[in-house]
Amino acid sequence: MATEQSVMAVIGAARPSFRENMATEQSVMAVIRAARPSFRTRYDKVSFAVNAAFVASGYVLHATGPSAFAEDALSSSSADEVGIDNWNDVEDNYAFVYSNPENDSKKVLMKCLVMNDELLVDVLKEGGSKPLHLEVDVGEYVEDNGGTNYGSQFKNMGKLVKSINEEILNKLDGVSASSSSSQPLRFFGGGSGRLGFLGNLPGVPPGARFDPYGPPGVANNLDRVVSNIGRQPLKVLVQVNTSGEVSKSGVNPSECLDFVKHVKLTCPNLEFSGLMTIGMPDYTSTPDNFKTLLTCRAEVCKSLGIEESQCELSMGMSGDFEQAIELGSTNVRVGSTIFGPRDYSKKK
């Protein structure tokens, strides 16, 4: 059981710099040890370290995990503090919502996206239009065989904290809280109602919001990676979240056409080849998800002048591939039937 004396001892050992609103290696590790998070992957470790830097700098956590991906994550009036339950429920995507009582108490949304061996960190302040961005090389900061002690699971923590301070925390006070758009804002690219950021990019509707963790941001980052490699354009399928589940990625069906236009107009190193979706298990008897994808293909092909036969449909997995084929799927994913069920316990 914690006591006033033990809590003050932890604060004293961490020596957080409250006046300068800066995290330190010691204060970040103190937060991690106090929270005792469960890590499933190396990306979990770095994303939680970023979260710990916010908390060590005086920020209060209001939402994390699926609730932080909600459309009203920043606009919610709730000021309740929360714990870290469900913080890593969404695979390879992380979200946290904070406020800083010592500052202006405006909400701050921090999201992390796994891209190759990097963690892309973006932070948006309530009312802001331009997120702060940081790319973290995960391998530089994680010990893969670090044992059970939190201190031995990280390396170069001081360097990581320095980057977070310089690129994010120290700049938050300077972020404008006024939107640069005079048009009513709507959301674009977050998927499943997830919050997006302001875009103003070709193929993105005027006044829409663009999420660097949502599909447009992923497409731009992938386009950059392909360009850096110097290979021929990469054929890609656009994932559509036809079931509306927060745990699944992809664009909303209503945003499919806009996003495909975004890929074709702004990503010269990507070659749009078709659409894909992962159906909801409960829909195997009435495959509404597959019918939704068919509608999306018809809309995309009509608008872009593409023959439907030239637009692939990747839908159907081990439990529903027969119905998917009946509805026109050109690619099915039946790995579990061939190799057996996935064993997530071995994922590092």
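Quick summary incoming for the structure in this document. (Residues numbered from 1 in each chain as written. Predicted model: local features only at pLDDT ≥ 70, side-chain atom pairs only at ≥ 80, totals over all residues. Heavy atoms only, no water.)

Thoughts on the pattern of salt bridges
Point 1. Tallying each qualifying case throughout the model produces eight salt bridges.
Point 2. Note that aspartate 44 is salt-bridged to arginine 40, the shortest N-O span being 3.8 Å.
Point 3. In this structure arginine 40 comes out as partly exposed when scored by relative accessible area, which is 44%.
Point 4. With its nearest N and O atoms 3.7 Å apart, the salt bridge here joins glutamate 135 to arginine 224. (Salt bridge = Lys/Arg side-chain N within 4 Å of Asp/Glu carboxyl O. Buried < 20%, exposed > 50% of the residue type's maximum accessible area, 1.4 Å probe, protein only.)

Observations regarding the packing of helix 2 (residues 25–35) against helix 4 (residues 157–172)
Point 1. Helix 4 packs onto helix 2 with a crossing angle of 100° between their chain directions and a minimal axis gap of 9 Å. The orientation of helix 2 with respect to helix 4, classified from their angle, is roughly perpendicular. The segment helix 2 lies against helix 4, with Glu25, Val28, Met29 and Ile32 engaging Met157, Gly158 and Val161.
Point 2. Residue composition of the contact of helix 2 with helix 4, grouped by class: five nonpolar, one polar and one charged. (Axes fitted to C-alpha atoms, helices over the stretch in contact; angles between N-to-C directions. Helix = DSSP H or I, 4+ residues; strand = E, 2+ residues; numbered from the N terminus. Parallel < 35°, antiparallel > 145°, perpendicular 65-115°, else oblique. Contact = heavy atoms within 4.5 Å. Nonpolar A, V, L, I, M, F, W, Y, C, P; charged D, E, K, R; others polar.)

With respect to the packing of helix 3 (residues 42–56) against helix 4
Point 1. Between helix 3 and helix 4, the shortest axis-to-axis distance is 10 Å and the interhelical angle comes to 55°. Comparing their axes, helix 4 and helix 3 come out oblique. The two elements helix 3 and helix 4 meet at a crossing, and its hand is right-handed. In contact with Ala49, Val50, Ala53 and Phe54 of helix 3, helix 4 contributes Met157, Leu160, Ile164, Ile168, Leu169 and Leu172.
Point 2. Of the residues belonging to the contact of helix 3 with helix 4, the class tally is ten nonpolar, no polar and no charged. (Left-handed = near helix turned anticlockwise from the far one by under 90°.)

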